[in-house]
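Per-entry structural report
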Amino acid sequence: MTPASMSPARYDAIVVGGGIVGLCAGILLARQHLQVAVLAPQSEVFTPSASQRFDPRVYAISGKSQRFLAEINAWDAIPQARITAVEFM
């Protein structure tokens, strides 16, 4: 949706940023029955190729963050093939 196509609206909260933190904030605010807008640039759709099957972005997520993502029903949306434990660096 582009700003030109949006009808005038009133929001209780406007979240700036569509990354992990911004999206989680938007979800939690919406669950409090608030009208929420998330402002972020439109992200490019990753198209897998023979040489690069996955988007190269990587996140390190602690056990507590994993539990939080599970509580907001986001953890199950992560492909299991993309999850692996980091045991050393």
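First things first, this report covers the structure right here in the doc. All values reported here derive from a predicted model rather than from experimental measurement.

Comments concerning helix α1 (residues 20–31)
Between its terminal C-alpha atoms α1 stretches 17 Å, which fits the 16 Å expected from 12 residues at 1.5 Å a residue. Taken as a whole, α1 has its buried residues at Gly22, Cys24 and Gly26. If you follow the buried residues of α1, they end up packed against β1 (13–16), β2 (36–39) and α2 (63–71). At the exit of α1 stands His33, carrying a positive phi of roughly 65°.

Points about the pairing of β1
On a regular strand, one side chain projects to one face of the sheet and the next to the other, so that they alternate. Across the two faces of β1 the burial differs, with Ala13 and Val15 buried and Ile14 and Val16 not buried at all. With respect to chirality, the unit in which β1 leads through α1 into the neighbouring parallel β2 is right-handed.

Some points on unusual backbone geometry
Glycine aside, negative phi is the norm for most residues, and most peptide bonds take the trans geometry. The phi dihedral of His33 is positive, around 65°, even though this residue is not glycine. Its place among the elements puts His33 in the loop between α1 and β2. Judged by its relative accessible area of 73%, His33 is exposed. Positioned with a positive phi, Asn73 is a non-glycine residue whose angle comes to about 65°.

Rules used in this analysis
- Residues numbered from 1 in each chain as written.
- Predicted model: local features only at pLDDT ≥ 70, side-chain atom pairs only at ≥ 80, totals over all residues.
- Heavy atoms only, no water.
- Helix = DSSP H or I, 4+ residues; strand = E, 2+ residues; numbered from the N terminus.
- Expected span 1.5 Å × (residues − 1).
- Buried < 20%, exposed > 50% of the residue type's maximum accessible area, 1.4 Å probe, protein only.
- Contact = heavy atoms within 4.5 Å.
- Right-handed = clockwise from strand over helix to strand, strands pointing away.

The values are spatial; any link to function lies outside them.
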